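Take a look at the letters that make up each chain.
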Amino acid sequence: MIRQEDVRIILKEGEALKYDRKDYLKFHEELSSKDRETTILFQEEPIFDALVPQGVFNPYGGIAAQAFMSGILNEIVNAKGKRVLDLGCGCGVIGLCCLFKESAKVVFSDLHPNIMPLKNNPLIREQDEVKVQDLCVEEKDNSYDLAFMSFPSRSIDRLMEADSYEIGILRNDDLVFRAIEQVGRVLAPGGEFVFFYRIFNNSFPLYLEVMSKLAAHFDLTTLKLLWYAGENDGHG
Ligand SMILES: C[S@@+](CC[C@H](N)C(=O)[O-])C[C@H]1O[C@@H](n2cnc3c(N)ncnc32)[C@H](O)[C@@H]1O
């Protein structure tokens, strides 16, 4: 099982925030209200810095990014030598961990137009790319070995603006179905899809739909639960 606690993200300017995770929307609105520098610690040692541009999802204080990063850095997910797609990359912390683990190439992809400064991170090499696009629609079939997606955790029925902080934390469930299909298309045979998907207990039929969609593109006998978090208030 992934040891999420091995990774910690800190804000470089240790400024006090008005809101915390309990006020989820306000917390993220405040976090994304300006560019913020972060430092990533692995087993309490700083390993790299990442700029989170204004409006882009900020993984500080969250749960999923740390789990992905710990999985990669502890080699529970093997990124070495792989062609990696960091889908919904935000500030890029997941793909940056793959660079650390000597992936052959990492493509960072997100719909938010403000992700481009990621290109300037000193870890990025010539072969890596940063792209603004809807999921991975411009990527070629069978061109990746490993894809990551940390889906926004809350489900809503309306559409959102691509340049809003909202697209980092709210999802229209069509996003999940489209992503499964797209990732199924761009992964080479034998490729792996690592995703974080949060399902609320009162949405069990949605879980079944997601599993059916996955079964159309992936071998579910290889499905592994790498990490999970329960919550006291009845949310799965
Ligand atoms: C929960 S955040 C995760 C960000 C980053 N991977 C991390 O762990 O910090 C979800 C990301 O998905 C992106 N996203 C939402 N809809 C998208 C779409 N249609 N195509 C590509 N990215 C999308 C958001 O902009 C956001 O960066």
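Residues numbered from 1 in each chain as written. Predicted model: local features only at pLDDT ≥ 70, side-chain atom pairs only at ≥ 80, totals over all residues. Heavy atoms only, no water.

A.B. asks: Tell me about the sheet that holds strand β1 (residues 7–11), and please be specific about residues and values.
C.D. replies: In space, the 3 strands of this open sheet follow the order β1-β2-β3, with antiparallel pairing throughout. Each of the sheet's edge strands pairs with one partner strand only, and the pair in question is β1 and β3 (45–52). Direction aside, neighbouring strands of the sheet carry axes that sit 25 degrees apart on average. The pairing of β1 with strand β2 (residues 36–42) spans 5 bridges and is classified as antiparallel. Of the residues in β2, the one forming a bridge with arginine 8 is leucine 41. Across the sheet, helix α3 (residues 93–100) touches β2 and β3, and the angle it forms with β3 is around 140 degrees. (Pairing = 2+ DSSP bridges. Helix = DSSP H or I, 4+ residues; strand = E, 2+ residues; numbered from the N terminus. Axes fitted to C-alpha atoms, helices over the stretch in contact; angles between N-to-C directions. Contact = heavy atoms within 4.5 Å.)

A.B. asks: Lay out the site of the ligand with the relevant residues and their values.
C.D. replies: The environment of the ligand is formed by 20 residues, the closest being Gly88, Asp110, Asp134, Leu135 and Gly168. Take glycine 88: an N or O atom from its main chain is 2.8 Å from a nitrogen atom of the ligand. Take aspartate 134: an N or O atom from its side chain is 2.7 Å from a nitrogen atom of the ligand. Protein coverage of the free-state accessible area of the ligand, which is 590 Å², stands at 95%. According to the grid-proximity analysis, the pocket containing the ligand is the second largest pocket. For the shell around the ligand, the secondary structure elements donating two or more residues are α3, β7 (144–150), α4 (166–169) and α5 (174–186). Residues that form the shell around the ligand fall into these classes: 12 nonpolar, 5 polar and 3 charged. (Near = heavy atom within 4 Å. Polar contact = N/O pair within 3.5 Å; in protein donor to acceptor, adjacent residues only side chain to side chain. Areas by Shrake-Rupley, 256 points an atom, 1.4 Å probe, with all protein chains shown as cover. 1 Å grid on protein atoms, 1.4 Å probe; cavity = no way out; pocket = protein on both sides within 12 Å on 5 of 7 lines; lining within 4 Å. Sits in = over half its atoms within 2 Å of the grid points. Nonpolar A, V, L, I, M, F, W, Y, C, P; charged D, E, K, R; others polar.)

A.B. asks: Tell me what's going on with the environment of isoleucine 72, and back it up with residues and numbers.
C.D. replies: Structurally, isoleucine 72 is set in helix α2 (residues 64–73). What makes isoleucine 72 buried here is its relative accessible area of 0%. On a C-alpha basis, the gap between isoleucine 72 and valine 176 in space is 22 Å, while along the polypeptide they are 104 residues apart. Apart from residues no more than four positions distant in its own chain, isoleucine 72 is found in contact with Val77, Ala79, Ile94, Cys97, Cys98, Lys101 and Phe148. (Buried < 20%, exposed > 50% of the residue type's maximum accessible area, 1.4 Å probe, protein only.)

A.B. asks: How would you sum up the pattern of salt bridges? Please name residues and give values.
C.D. replies: The tally for this structure, following the rule as stated, stands at 21 salt bridges. For arginine 83, the salt bridge is made with aspartate 145, and the minimal N-O distance between the two is 2.8 Å. Highlighted residues: arginine 83 in strand β4 (residues 83–87) and aspartate 145 in strand β7, separated in sequence by 62 residues. In this structure, the salt-bridge partner of aspartate 141 is arginine 185, at a minimum N-O distance of 2.7 Å. With aspartate 141 in the loop between β6 (129–132) and β7 and arginine 185 in helix α5, this pair connects stretches of sequence that are 44 residues apart. Given a relative accessible area of 48%, aspartate 141 falls into the partly exposed group. Salt bridges sharing common partners tie together Lys105, Glu129, Lys131 and Glu139. (Salt bridge = Lys/Arg side-chain N within 4 Å of Asp/Glu carboxyl O.)

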